[in-house]
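Working through the structure, step by step
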Amino acid sequence: MKLGIMGGTFDPVHFGHLSAAEAVKRSLDLSKVLFIPTGNPAHKRNKRVTEALLRYKMLEAALYDYTEFEISDVEIKRPGSTYAVDTLRELKKIFPKETRLFYIIGADVVAELDSWKEYEEDFKMCSFAAVLRPGYHKEKFLKDVEKMKALGADIFPVETAQVDISSSEIRKRVKEGLGIEKYVPKAVEKIIVKEDLYKN
């Protein structure tokens, strides 16, 4: 089985996340994509992040109609800061030995892979699917890929259509009282309204 791993804060999940997951699944012929909301993201220690269970609830609602997408609470349940290496170790125990893992990242993240905790272990446990949006800096990306490949990383570039959405922009729109129906599934918008999220 080929399993995609889509990690992130998902604060909130939006159409850009879903579009990227679909593109990677199609391009690499994955069996399914597992969405894993972070519990306590190590790289966002000083930022305000919505309660994990609410982010999980929004993600669950967004994925309801996607049979090839699943959600996991492995990072939410694990105490302490969230690191990819710990999640990969856990997934290796959960899924059959022959399962091949593909960690989905943005093209801009490739340059930072060697700064991840125990990145050498990450490189042994999974391959990476680097999502490329139109207008990306091709020469820099290819240099970054070569650098990481020299360190042992296995990276697959995946082209996607332009989906110009960010969670921070959605939060900003909610705070300003603007509509977000173009950016998130209706079920996610309902949760944001019901829970009164992103107003402050």
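Scroll up a little and you will see the structure.
What comes next concerns the included structure. (Residues numbered from 1 in each chain as written. Predicted model: local features only at pLDDT ≥ 70, side-chain atom pairs only at ≥ 80, totals over all residues. Heavy atoms only, no water.)

1. Topic: helix α1 (residues 15-28)
Under the convention used in this document: Only runs of H or I of at least four residues qualify as helices and only runs of E of at least two qualify as strands under DSSP, and these elements are numbered from the N terminus. In this scheme, a helix's expected span is set at 1.5 Å multiplied by one less than its residue total. Burial classes follow relative accessibility: with a 1.4 Å probe on protein chains only, a residue under 20% of its type's maximum area counts as buried, one over 50% as exposed, and anything between as partly exposed.
Taking 1.5 Å per residue as the helical rise, α1 with its 14 residues ought to reach 20 Å, and the 20 Å between its terminal C-alpha atoms agrees with that figure. Among all positions in α1, only Gly-16, His-17, Leu-18, Ala-20, Ala-21, Ala-23, Val-24 and Leu-28 are buried. Just beyond α1, the residue with positive phi is Asp-29, at close to 55°.

2. As for the packing of helix α2 (residues 52-62) against helix α8 (residues 186-194)
Relative placement of two packed helices is described by the angle separating their axes and the distance separating the axes. The test is simple: Working convention: axes come from line fits to C-alpha atoms, limited for helices to the stretch in contact. Angles between N-to-C directions cover 0 to 180 degrees. In what follows, roughly perpendicular refers to angles from 65 to 115 degrees, roughly parallel to angles under 35, roughly antiparallel to angles over 145, and oblique to any angle outside these ranges. Should the near helix be turned anticlockwise from the far one by less than a right angle, the crossing is termed left-handed; should it be turned clockwise, right-handed. Contacts between residues were defined by any pair of non-hydrogen atoms, one from each residue, lying within 4.5 Å. Residue polarity follows a fixed list, in which Ala, Val, Leu, Ile, Met, Phe, Trp, Tyr, Cys and Pro are nonpolar, Asp, Glu, Lys and Arg are charged, and the others, Gly among them, are polar.
The contact between α2 and α8 brings their axes to 7 Å, and the two run at 155°. Here α2 lies roughly antiparallel to α8, going by the angle between them. Where α2 crosses over α8, the handedness of that crossing is right-handed. Mapping the contact onto sequence places Lys-57, Met-58, Ala-61 and Ala-62 in α2 and Ala-187, Val-188, Ile-191 and Ile-192 in α8. Here the residues of the contact of α2 with α8 are counted per class, giving seven nonpolar, no polar and one charged.

3. Some remarks on the packing of aromatic side chains
Each aromatic ring pair is characterised by the separation of its centres together with the angle its planes make. Stated formally: Aromatic rings from Phe, Tyr and Trp, taking only the six-membered ring of Trp, are treated as a pair when their centres fall within 6.5 Å; an angle between ring planes under 30 degrees marks them as stacked, one over 60 as edge-to-face, and anything in between as tilted.
Within this structure, the stated rule accounts for nine aromatic pairs. With centroids separated by 5.6 Å and ring planes inclined at 65°, the aromatic side chains of Tyr-103 and Trp-116 adopt a geometry described as edge-to-face. Taken together, the residues Tyr-103 in strand β4 (residues 100-106) and Trp-116 in the loop between β4 and α5 (119-125) connect sequence positions 13 residues apart. Owing to a relative accessible area of 10%, Tyr-103 belongs among the buried residues under this scheme.

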